Amino acid sequence: MKAIRRFTVRPVLPEPLRPLSDLARNLRWSWHAETRDLFQSVDPERWAASGQDPVRLLGSVPPGRLAELAEDRRFLRRLTAVAGDLNDYVTGERWYQDQSAELPAAVAYFSPEFGITAALPQYSGGLGILAGDHLKAASDLGVPLIGVGLLYRHGYFRQTLSRDGWQQEHYPVLDPNELPLTLLKETDGTPAQVSLALPGGKSLHARIWLAQVGRVPLLMLDSDVEENDLGERGVTDRLYGGGSEHRLLQEMLLGIGGVRAVRTYCRLTGHPAPEVFHTNEGHAGFLGLERIAELHTEGGLDFDSALEAVRAGTVFTTHTPVPAGIDRFDRELVAHHFGPDAELPGIDVERILQLGMETYPGGEPNLFNMAVMGLRLGQRANGVSLLHGNVSREMFSGLWPGFDPDEVPITSVTNGVHAPTWVAPEVFRLGARQIGAQRTEDAMTVGGSDRWDAVAEIPDQDIWDLRRNLREQLVTEVRDRLRTSWRQRGAATAELGWIDGVLDPDVLTIGFARRVPSYKRLTLMLRDRDRLMDLLLHPERPVQIVVAGKAHPADDGGKRLVQELVRFSDDPRVRHRIVFLPDYGMAMAQKLYPGCDIWLNNPLRPLEACGTSGMKAALNGCLNLSVLDGWWDEWFQPDFGWAIPTADGTGTDPDHRDDIEAAALYDLLEQRVTPRFYERGQAGLPDRWIEMVRQTLTLLGPKVLAGRMVREYVERLYTPAAHAHRAMTPDAARELAGWKARVRSAWHGVTVDHVETSAATPTAELGSTLSLRVRVGLGELGPDDVEVQAVSGRVDSEDRIADASTVPLKPVGSPDAEGRWVYEGPLSLDRTGPYGYTVRILPAHRLLASGAELGLVVVPSEDVGEGAGVLMR
């Protein structure tokens, strides 16, 4: 029989065990080994059965066992120590509190998904895991962050396979009362709520659930409440589910409702109000509109002034180099949900639409682009690796016409991963044996050093024993998961004896696990199946491969790739050497990364923004074998991995390109990777392989940390944004908005009329200095409104300046009878070879973060220019 109603019965813990409840509700347990060990000791079998979820564990432990523990002095001493450690962690001063700079009082961090722990399945892939690691690292560093997301009642789907290897999706119902969450309540005990106005006089209500991530509160909005109609209750049903309107409502709730949730949380708890709002990808971009509406309603600012005030304190991070990965909505759909009869009635709908419209060459004029809105609403923006920063500047250069892509104001902060979450306990213990537990923990969380030199002192035998132990653990894990998968596919237990021989703890193990969009090329390894079989079955140097990944439910192309790989791995000739594990998630990943010797990544370059799975593998001594994309393009060295050559030419046929790159992959495995793993030195150990593991830990370890990433965000983006926010008083915002309007309307009158230099000949000596004299027209503007710059550098055969440097020129005297100004300045010739210069005029104001901010620039017309430039010798 089926229950007509479901509710959660919570255990009543004996008084001495009450701290267990606090420990279970703070998700620090997900990365704190001592806390997990404590919960395991409550009941090891139930701990395993609960999926290592303390809330589920405590809900299943019999009262008799709890009474027994309440009398167990040894257990109570451990409980007191772990509870005290958590209290010190959440209240003590950390890295952020030791900084001397005037840092933000608080930062609000918005993301559509968060991967904190498998016990809170609110993530689909890299974006969510990155967001979870960002929160954890912020907690470790003491950064006063508030996370904001949605609570999806079905999370992301669970994946199984049919008998013929086709991906099947299942959506388990999640009860928030059974998750490590607390309902945010008003002072009178009623649930705190936020509401959005919908067209037709309807409303969308949402409760606020709180997940405590160490020191960081994560607010999660849940629309499945009785006050909503059935349609509105389903807004937060699934991550990345539903059609356009469903997604739009999710993103309005995340952005607009999220700001309202932050205000509610700060009001109820006394948490400092955020000075900086960080939009993690475009999904939360509507947060800027809500903040404009706040300043309009409460501060009396007009739209343009409020926009400047909001931009000053907003950071926008783009995560995709693929235009298809950006949410875009029909213009009319967005217009329908804003305005007098819907949300934000005080803001003109046309002004809202202008923020997201693709009003640039190649844009779709009727589409509202969430990333474009994010960039227009954020004064600071970044990609997530150096290469992705370059790609993003090219991709969005239409928003800054007249500027070379390298001047587009999008910087980069390379992603990192949260070491305590992803490093195997055995790896941590090896480090702790060398330098002590506290120093090891500090090295993995705060970071700050360029190298982990203590790794050099670890004996080769210890490193090799560690790698073999982790590989052996992976083999056990794979067999268990494979057996479960085959039973789900309909196999009888009697058919599955072969699984006991799957994988070998002494064979070179390759891991490949990620989402399955086509550009990540899950099946590149299958391009030449005979060659792959030879690698898998080599008599002296075999390899084995563990593959995992989910295709989006609507992506049949991705599902076909999964099926193709599953069918290959089902072949009795190779199924002991290559496996596909369904339902890739955090719990699987935490076993997979440490147990692999090689982490394989072969996306189409440059479509991988960063790709953090290889970082997690590297922290466990796994070597990367990857296309030079994302973070690997930035940090690859032959000392600790291999780069798969790419056929990047734009004219290359995609099939031919895949053939070339697959052949390069096979060559590397046959000629360089497997020989190095299997060759033995005098002590019977693979000396050269162990040295590469050592170099990976020494040189890559400190770089790939989320602590390093969050410190960069604090220093390079959050702190400047907080200072800009403080400087943008209502009067300053009005001044800047008025100035921008005046500059835009008068810009047509700005001209470069004449340029001359002191150079008498087309050649000059290195180190000499030319005098530049420029005559410009400023129209209705004055010298205080602009900066006139000399731009110089090497020139190519078409006179394009590369690696340019800029020098401001200064006005001389007063305007002439025609109203023209003369600017002068020196031009230092500091490079040899073909050299050129030009001049340009940019808007200039003390409150601008970049000269390119307005997208306005004037350069000389061709008849004004003096020729290619100066040839230096």
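The following paragraphs examine the structure supplied in this document. (Residues numbered from 1 in each chain as written. Predicted model: local features only at pLDDT ≥ 70, side-chain atom pairs only at ≥ 80, totals over all residues. Heavy atoms only, no water.)

1. Some details on the overall build of the chain
Of regular secondary structure, the chain possesses 28 helices and 29 strands. For a compact globule of 873 residues, the expected C-alpha radius of gyration is about 29 Å, and the chain comes in at 29 Å, within 12% of that figure. In terms of overall dimensions, the chain has a C-alpha envelope of 95 × 70 × 50 Å along the principal axes. Considering the chain as a whole, with its 873 residues, one finds that 57% of them fall into the buried category. Just so you have it, the chain exposes about 35200 Å², and 49% of that area is on carbon and sulfur atoms. In the chain, the 93 positive side-chain charges and the 120 negative ones have mean positions that sit 6 Å from each other. (Helix = DSSP H or I, 4+ residues; strand = E, 2+ residues; numbered from the N terminus. Rg over C-alpha atoms; globule rule 2.2 N^0.38 Å. Buried < 20%, exposed > 50% of the residue type's maximum accessible area, 1.4 Å probe, protein only. Areas by Shrake-Rupley, 256 points an atom, 1.4 Å probe, with all protein chains shown as cover. Lys, Arg positive; Asp, Glu negative; His and termini not counted. Charge placed at Lys NZ, Arg CZ, Asp CG, Glu CD.)

2. Overview of the nonpolar core
Counting residues in each nonpolar core, the largest one holds 106 residues, and the members touching the most others are Met525, Ile598, Leu625, Trp642 and Trp689. Not counting residues up to four positions away in its chain, the partners in contact with Leu625 are Ile598, Trp599, Leu600, Asn601, Trp642, Ile644, Leu665, Leu668 and Leu669. If you look at the next biggest cluster of nonpolar residues, it comprises 100 residues, including Cys266, Val349, Leu353 and Tyr837. (Core = buried A, V, L, I, M, F, W, Y, C linked by side-chain atoms within 4.5 Å. Contact = heavy atoms within 4.5 Å.)

3. Considering the sheet that holds strand E26 (residues 810–812)
In a beta sheet, neighbouring strands are held together by backbone hydrogen bonds and run either parallel or antiparallel to one another. On the basis of which strands lie adjacent, the open sheet formed by four strands has the order E21-E23-E27-E26 and antiparallel pairing. In the strand order of this sheet, the two ends are held by strand E21 (751–757) and E26, each with one partner. On average, each strand axis in the sheet is inclined to that of its neighbour by 30°, with strand direction left out of account. As paired elements, E26 and strand E27 (residues 820–828) share three bridges and run antiparallel to each other. Of the residues in E27, the one forming a bridge with Val812 is Val822. (Pairing = 2+ DSSP bridges. Axes fitted to C-alpha atoms, helices over the stretch in contact; angles between N-to-C directions.)

4. Some details on the state of the cysteines
What is meant by a disulfide is a covalent connection between two cysteines, made through their sulfur atoms. With the rule as written, the count across this model stands at zero disulfides. Note on Cys610: no disulfide assigned, nearest cysteine sulfur contributed by Cys622 at a separation of 16 Å. Take Cys622: it sits in no disulfide, and the sulfur closest to it among the cysteines is that of Cys596, at 5.6 Å. Taking relative accessible area as the criterion, Cys622 reaches 0% and is therefore assigned buried. (Disulfide = S-S within 2.5 Å.)

No statement about biological role is implied by the geometric values presented.
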